[in-house]
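Remarks on the overall topology
Chain residues, written in single-letter form:
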Amino acid sequence: MPNYRLEKKMSIDSIYRTRSLGVPTVGLPDQYADGRAAKVWELYMGGKTSRTDAYKEWFVQTFKDRGVKTVIDVACGTGIDSVMLLEEGFQVVSCDASDKMLKSALEERWRRRKETKFDNWVIKEANWLTLKEDLNADGDVPIKLFDAVICCGNSFAHLPDFEGTLEKHKIAISQFYSMLKPGGILFIDHRNFDHILDHGCVPQGPNVYYQGKFLKDIKCSNLTVNGKPNMTTFDYEMDIHNVEPEILTKLRIDPAEQVCWKFRLSYYPHRLQTFNGLLRSVFGDDAEHHIYADFQPMDDSTKDPAYYMHVIKRPA
Ligand SMILES: C[S@@+](CC[C@H](N)C(=O)[O-])C[C@H]1O[C@@H](n2cnc3c(N)ncnc32)[C@H](O)[C@@H]1O
């Protein structure tokens, strides 16, 4: 099996720069390494509670209906969904590959450490391709198998497919599967890349996850390699001149200097049908699998959602 930790990531930068200036090529797996996205992430989301209010009830109900008590958030970022689940009484382990993003989750844990549930919150740095190994490295993750794995906010699409085989995607999904108890569920989402590839822009409707009022534009570019869509790049532009100076100072952004804040992130554009096949290749064709559009059940009236959400069950 290839060593994904040591392997130099093949770069397609000869064709296209995939990330903000300042993120080194070998840092491609962590596109948040320069801190440009991490710094403004909470402004982009629109505040911790207003973001999760939009779907908290859905998560709590879906998880309670399925007897979920333990959850691993494998792309916790700044910790937004993990905090929501902790507050709702779930036992949570959180991990992410980016220390810049984890910093914010760690600060929140420290700030609320006097609350038992936050004191028990385990946060680790881990890459999906080596998830089990990374989590077990220090032997301090108290749970080995979970009732639910979550991978939210279009995170999974960050995994590139330079080989054109989806091999790494299968490994990552297999790692998620291996973290589940029999009967446990994976919640995973992706943007509506069918729309993005077909129209060259994100759908116009509201974004269930990212509702901050400072986003000015997302410029979308689709890259095709040998006739196959291979990468979608978003150039985010945020107008932050109205952000309160105290907040900018906290984010270590010089208020005098920054008016338009830009960062670039790249994604593998998953079409819905291909993604269904990817999940089934690991969970099996008979696995119970539900698809939602912006957290609503899909039906004939579903039109141009921003995101697709999948809930797939590891057979008992
Ligand atoms: C779009 S952010 C979303 C974070 C959070 N779930 C949210 O919605 O705010 C994507 C996250 O996925 C993480 N990520 C990307 N590739 C990863 C990998 N191979 N292993 C672990 N985390 C990864 C990034 O570091 C980043 O924090």
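Please read these numbers as outputs of a predicted model, since none were measured by experiment.

Rules used in this analysis
Residues numbered from 1 in each chain as written. Predicted model: local features only at pLDDT ≥ 70, side-chain atom pairs only at ≥ 80, totals over all residues. Near = placed C-beta within 6 Å. Nonpolar A, V, L, I, M, F, W, Y, C, P; charged D, E, K, R; others polar. Pairing = 2+ DSSP bridges. Helix = DSSP H or I, 4+ residues; strand = E, 2+ residues; numbered from the N terminus. Core = buried A, V, L, I, M, F, W, Y, C linked by C-beta atoms within 7 Å. Buried ≥ 20, exposed ≤ 12 C-beta atoms within 10 Å, placed from the backbone. Contact = placed C-beta atoms within 7 Å. Axes fitted to C-alpha atoms, helices over the stretch in contact; angles between N-to-C directions. Parallel < 35°, antiparallel > 145°, perpendicular 65-115°, else oblique. Left-handed = near helix turned anticlockwise from the far one by under 90°.

**What about the site of the ligand?**
- Of all residues adjacent to the ligand, which total 21 residues, the nearest are Gly77, Ala97, Ser98, Gly153 and Ser155.
- Along the lines of polarity and charge, the residues of the shell around the ligand split into 11 nonpolar, seven polar and three charged.

**Looking at the sheet that holds strand 2 (residues 91-96)**
- Spatially, the eight strands line up as an open sheet ordered 3-2-1-4-5-11-9-10, and their pairing is mixed. Taken across any chain shown, the strands that pair with only one partner, and hence form the sheet edges, are strand 3 (122-125) and strand 10 (296-297).
- Sheet analysis places strand 9 (residues 289-293) next to strand 11 (residues 307-313), joined by five bridges and oriented antiparallel. The residue bridging Tyr292 from the neighbouring strand is Met309, located in strand 11.

**Overview of the nonpolar core**
- Counting residues in hydrophobic clusters, the biggest one holds 72 residues, and the most contacted among them are Val71, Val74, Ala148, Val149, Cys151, Phe176 and Leu186.
- In this view, Cys151 contacts Val74, Ala75, Phe156, Phe176 and Ile188; residues no more than four positions away in its chain are not counted.

**Some details on the packing of helix 8 (residues 167-178) against helix 11 (residues 272-283)**
- Contact geometry for helix 8 and helix 11: axes closest at 9 Å, N-to-C directions at 50°. Taken as axis vectors, helix 8 and helix 11 run oblique relative to one another. Here helix 8 and helix 11 pass one another in a crossing that is right-handed. Within the contact between the two elements, helix 8 uses His169, Lys170, Ile173, Ser174 and Tyr177 and helix 11 uses Leu278, Leu279, Ser281, Val282 and Phe283.
- Split into classes, the residues belonging to the contact of helix 8 with helix 11 amount to six nonpolar, three polar and one charged.

**Section: the pairing of strand 2**
- The buried fraction of strand 2 is high, at five of six residues.
- Of the strand pairs in this sheet, strand 1 (residues 70-73) and strand 2 are connected by four bridges, and their pairing is parallel. Opposite Val71, over in strand 2, you have Val92 as the bridge partner.
- The pairing of strand 2 with strand 3 spans four bridges and is classified as parallel. Pairing of Val93 across the sheet is with Val122, part of strand 3.

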